[in-house]
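# Structural characterization, general
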Amino acid sequence: MARLPLPGFAEVGRFALIAGLTALAYALAGRLSLKLAAYLADGAATVWLAAGVGAVASLRFGAAGVAGVALGSLAINSQVLPPDAAFRFALGAAAEAWIIGYLPRYLQPFSATLDHVSSVAKFALVAAPLGCALSALTGMLSLHFFADLPAGAVLRGLWVGWLGDLLGVYLVAPLLLTAARWDWLPTNRGARLEGLALVLGMLALTLAMMEYVEPLRPAEIVLFVMMPAVLWAALRFSVTGASLAIFLSALIVLGVAVVSYGGLAGAASLRDVFALQVSMMTMALGGLFVSAALAERRYSEMRLDVLANHDPLTGLPNRSYFQDFLGHALARAQREKSQVSLLFIDLDRFKHINDSQGHEVGDQVLRIVANRLDEQLRADDFVARLGGDEFAVILTHAPASRTPSRVAYKLLQAPAEPFRLAQRRYAIGASIGISVYPDDGLDANTLLRQADLAMYQAKHRRSGFEYFSDELNTVAQQLQTLESGLRQALERDELALLYQPKIDLASGRVVGLEALIRWLPGTGASVGSEQLIPVAEETGLIVPLGRWVVRAACEQWIAWRDAGCDPPPVAVNLSPRQFSDAHLIDDIDAILKETGMDPAHLQLEVTESAAMDNPVRSFGMLEALRQRGLHVYIDDFGTGYSNLGQLKRMPIDALKIDRSFVSDVLTDSDDAEIVNANIRLAHALKLRVVAEGVELADQVAFLRQNGCDEIQGYIVSKPLASAKISELFARRFAF
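Cut-offs and rules
Residues numbered from 1 in each chain as written. Predicted model: local features only at pLDDT ≥ 70, side-chain atom pairs only at ≥ 80, totals over all residues. Heavy atoms only, no water. Helix = DSSP H or I, 4+ residues; strand = E, 2+ residues; numbered from the N terminus. Buried < 20%, exposed > 50% of the residue type's maximum accessible area, 1.4 Å probe, protein only. Contact = heavy atoms within 4.5 Å. Areas by Shrake-Rupley, 256 points an atom, 1.4 Å probe, with all protein chains shown as cover. 1 Å grid on protein atoms, 1.4 Å probe; cavity = no way out; pocket = protein on both sides within 12 Å on 5 of 7 lines; lining within 4 Å. Points joined across faces, edges and corners; volume = space filled by probe spheres on them. Nonpolar A, V, L, I, M, F, W, Y, C, P; charged D, E, K, R; others polar. Salt bridge = Lys/Arg side-chain N within 4 Å of Asp/Glu carboxyl O. Pairing = 2+ DSSP bridges. Axes fitted to C-alpha atoms, helices over the stretch in contact; angles between N-to-C directions. Phe/Tyr/Trp six-rings, centres within 6.5 Å; stacked < 30°, edge-to-face > 60°. Parallel < 35°, antiparallel > 145°, perpendicular 65-115°, else oblique. Left-handed = near helix turned anticlockwise from the far one by under 90°. pLDDT = per-residue confidence, 0-100. Expected span 1.5 Å × (residues − 1). Polar contact = N/O pair within 3.5 Å; in protein donor to acceptor, adjacent residues only side chain to side chain.

## Some words on the overall build of the chain
- The helix and strand tally for the chain stands at 26 helices and 18 strands.
- Each of the 735 residues in the chain was classed as buried or not, and the buried ones make up 51%.
- A separation of at least 24 residues holds for 70% of the contacts in the chain among residues at least 6 apart in sequence.
- Counting only carbon and sulfur atoms, one obtains 57% of the accessible surface of the chain, whose full area is about 35200 Å².

## Considering empty space enclosed by the protein
- Inspection of every chain in the model, using the stated rule, returns two cavities of 30 Å³ or more.
- By volume, the second largest cavity is sized at about 90 Å³.
- Around the second largest cavity, the lining residues are Val543, Gly546, Arg547, Val550, Gln578, Asp581, Leu584, Asp587, Ile588 and Ile591.
- Of all elements in the fold, only α17 (542-562) and α19 (584-595) reach the threshold of two or more residues within the lining of the second largest cavity.
- Its residues placed into classes, the lining of the second largest cavity shows five nonpolar, two polar and three charged.

## Examining the pattern of salt bridges
- Inspection of every chain in the model, using the stated rule, returns 16 salt bridges.
- Between Arg626 and Asp653 there is a salt bridge, with its nearest N and O atoms 3.8 Å apart. One end of the pair, Arg626, is in helix α21 (residues 615-627); the other, Asp653, is in the loop between α22 (644-649) and β16 (654-657), and 27 residues separate them in sequence.
- By sharing partners, the salt bridges in this structure join Lys502, Glu514, Glu605, Lys656 and Glu692 into a single network.

## With respect to the sheet that holds strand β5 (residues 390-397)
- Here we have five strands laid out as an open sheet, ordered β4-β5-β3-β8-β9, and mixed in their pairing. Among the strands making up the open sheet, the edge pair consists of β4 (382-387) and β9 (465-467). The mean inter-strand angle of the sheet, taken between neighbouring strand axes irrespective of direction, is 20°.
- Where strand β8 (residues 429-437) meets β9, three bridges bridge the pair, whose relative direction is parallel. Paired with Ile434 across the two strands is Tyr467, which belongs to β9.
- Strand contacts of helix α12 (residues 359-375): β3 (339-348), β4 and β5, with the helix running at about 5° to β5, the strand carrying the most contacts.
- Where helix α13 (residues 403-416) meets the sheet, its contacts fall on β3, β5, β8 and β9, and the angle it forms with β8 comes to roughly 160°.

## Thoughts on the pairing of β3
- Taken across its 10 residues, β3 has nine buried, putting it largely inside the fold.
- Bridge count for β3 against β5 is eight bridges, and the pairing is antiparallel. In the strand pairing of β5, Asp346 is matched with Glu390.

## Remarks on the packing of aromatic side chains
- Taken as a whole, this structure holds 11 aromatic pairs when the rule is applied.
- The interplanar angle of 70° and the centroid separation of 6.4 Å between the aromatic rings of Tyr26 and Trp48 together place this pair among those described as edge-to-face. Pair noted here: Tyr26 is in helix α1 (residues 9-37) and Trp48 is in the loop between β2 (44-45) and α2 (50-61), with a separation of 22 residues, a long-range link.
- Overall, Tyr26 belongs to the buried group, its relative accessible area being 3%.
- Taking 5.2 Å as the distance between ring centres and 90° as the angle between the ring planes, the aromatic pair formed by Trp560 and Phe729 counts as edge-to-face.

## What to know about the packing of helix α10 (residues 319-336) against helix α14 (residues 444-461)
- Contact geometry for α10 and α14: axes closest at 10 Å, N-to-C directions at 110°. In terms of axis orientation, α10 runs roughly perpendicular to α14. The handedness of the crossing between α10 and α14 is right-handed. On α14, the residues that touch Arg319, Phe322, Gln323, Leu326 and Leu330 of α10 are Ala444, Asn445, Leu447 and Leu448.
- Residues of the contact of α10 with α14, tallied by class, amount to six nonpolar, two polar and one charged.

## Considerations on the confidence of the model for the chain
- With 87% of its residues at a pLDDT of 70 or more, the chain shows a mean pLDDT of 80.
- Element-level mean pLDDT values for the chain span from 57 in strand β1 (residues 38-40) up to 90 in strand β17 (residues 688-691).

## Topic: the pairing of strand β10 (residues 495-504)
- The buried fraction of β10 is high, at eight of 10 residues.
- Of the strand pairs in this sheet, β10 and strand β11 (residues 510-519) are connected by nine bridges, and their pairing is antiparallel. Each bridged residue has a counterpart across the sheet, and for Leu495 the counterpart in β11 is Trp519.
- In textbook terms, the turn of a hairpin is the stretch between consecutive antiparallel strands, and for β10 and β11 this stretch comprises five residues, one of which, Gly508, has a positive phi near 75°.
- Pairing of β10 with strand β18 (residues 710-711) involves two bridges; the strand directions are antiparallel. By the bridge assignment, Ile503 is partnered in β18 with Ile711.

## Some points on α17
- Helix length check: α17 (21 residues) gives 30 Å between terminal C-alpha atoms against 30 Å at 1.5 Å per residue, within 8%.
- Phi turns positive, to about 80°, at Gly564, one or two residues after α17.

## Quick look at the side chain of Asn318
- Among the structural elements, Asn318 can be located in the loop between α9 (270-309) and α10.
- Judged by relative accessible area, which is 15%, Asn318 ranks as buried.
- Looking at Asn318, its side chain comes within polar contact range of the main-chain nitrogen of Tyr321, at 3.0 Å.

So, in C-alpha cells, the structure goes:
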C-alpha cells in the first residue's frame, strides 16, 4: 500500500508562517471592530473588519489562511466570551473564510482582482453572503443555546452579525485583493491632484454636515457624501481606486460615529444601525460593480487595440503600428539630434518551408523567429512584423554609432540557431537591409524603401546585411523603368528571339538551338535576357513572358520547317517560377496543339536548383513533360546541390555544364577536374553532356578529349536572329 508523502519542513514552516500572520491580522482587525462598532454582547459588530482579512487570506493562501482565521478568531473572541463560545465563534469564522475562498474558485472563471462584473457578482453576491450567513448563524445560535442570549435578540443579532461580517468583507477584501494592481492608478500630476481633491472634498463635506446637520446620522454621510465620492473614484481610477475610496469612506464614517456617539455601541437604535449597514453596503457594491464594468470595457478596448496594432500570429506590432512608431521616433530624433536606424529583415528560403511543410509549420517558424528577434533587442528598441516573412527593427542611437551593425549581427544569429518542429530540424537564415535617418531619408516611407533596397542587395550578395547607398537607389530606379517597359513590351510586340547553336563534337553539325529573348524598345539599345529575366521573376511577369517564348520558338521552328530548312530541335529555358507554375503543362499542351509543333523537336532547359528545390514535385512535372515526347535538359549543372540518388531517378535527357567551370578548365585544375567528373557522371547515368560558354579552341580540345558530347558558345556563334541562324543548319564545323 502506497504511503502518503509527508510535507517537508519548508512547507510546514510556510504554512505556520501564513497561519500566524493571518491570525495576527485577523485579531487586530477584530479588536478594532469591537472598539468602534461592538453592538451585541461583544459578540456582534456593526462592521466586522476582520471578516475581510479572513476572506482575503482564504482566497490567497487556502488552508493556511483558514487556519489563521480560526486562530485569530479564537484569540480575539476569547477575550470577551467564554472559551467554549469563543471556540464555536472560531469555527464559524473558519467556515466563513473557507466558503468565501472556495466558492469563487469553483465558480470559474473568477478573477481575484475583481476586475470583471461576473467576478464581483460571484464574490460579493454569492460567496460572501453565504459565508457570512454561516458565521453569523453559528455565533448567534451559540450565544442563544450556551450563553442565554434572549430569543428576541437572536434574530436582531443574526441580522446585525451577518451584515457586519458582510460589510467587513466588502470594505477590506477589495482593497487587499487589488493591492497588487496599484500600477493601475494614474501616475500623472493631474490625476494625483484630482485624487487629493476627492479625499479633501469627502472630509470637508463630512465636517460641514457634522457642523450644520442636527441630528447627524452616519447613514446620511454615506448616502450624500461617500456614495458620490466612491462612484467618482470608480469612474476615474479603476478597481483599485474604487476599493481605496470605499475603505477611506468607511474609516471616515466610523470616525464620525466615534466622534458623535463614542462608537456604534449597543445603545444605538436598531434603525440607525441597519440604515448605516445598508447604505455602506450599497456604496461598496455600487463602487465595485461600476469599477468592474469599466475595467471590462478597458480590457475590451485594450484587446481591440491589440487586434488593430499587433500581428495576431506573432504578437509583434504590425505594419500600421510600425509606421506610427517610426514617425514618432523620427520626430524625437530631430528634436534630440540623434539618429534612427531602420533594419529591414527578410527570412531566406522561408517559402520553401511553407510549400514543403505546410503553412502550419511555417506559422510556428515565424513565431519562433519573432520571439528570438524580440529577445535580442533592448527594452527601448522596436521590432514589428510587416507581413509574410518580413520584419523591421527601429533603433534610436547617437550619431556615428556602431549600434546598427552590432544589432544586425545579433539578429542574423538569432534565427540561425537550429530548432526542432514535428521531428524535423530547421535553421533559418536572414538578410538585413539598413537605412539611417537623416543620412538616407527624412521620412518613414523613404527610409523603409531604402532599407528594402539594401535588404535585396544583402540577399543577392549573401552578405548577411548591407547599408543603403545611392548606387542602390539608381539601380532600383533602372529596374523600375525596366519593369514598366517590359509590361509594355508584351503589349506592343517589342520582344524577339535570338538563337545560339549547339554543336555535336563528333559530327560538327548543329544539333540544337537555344532560344534567348531580347527586348527591342522603340528607342535605345536592345535589352538581353540576363537583365530581363531577374526583373520578370521578381514582378511575376516571367509566366506570361515564358509562355510567349515557348510559342514564338515553336512558331519559328514551324516556319523553318515549312521553308525546307530542316531545323534542329529548339530549346527554351524554364525559370524556377515557371517550373513551379501549376498551369505549365496545360500551357505547353495548348501551344503544341495550336502551332502544330512536333514535341520531339522542343527541348526544355530547367536549372539544377529549380529541379532539386522540391524533388517530389519535380519528378512529377518532368515525367509529365517526358510523356509528351519533350526533351528535358538540366541547365547550370554543378552550381546547385544535387542529390545523386534523386538525379539518377529524374526523367531527363542531358546535363549542361555551367560556363563558370568551362571558362577556366585550361588554367584551374579544380575546374578541369569538376568538368571531367561531370562528364563521366552524366555518361554513367546515360545522359548527354553540353558544355556552355566555350570560346577557345583549346577548350574544345579539352572537352573532346574528355568525352563531352556537345558545345555551345562564342567559338561557334553568338546568338543570331532567325534569318541568319538558318544559314548554319547545313554547315559542318571543324575545330
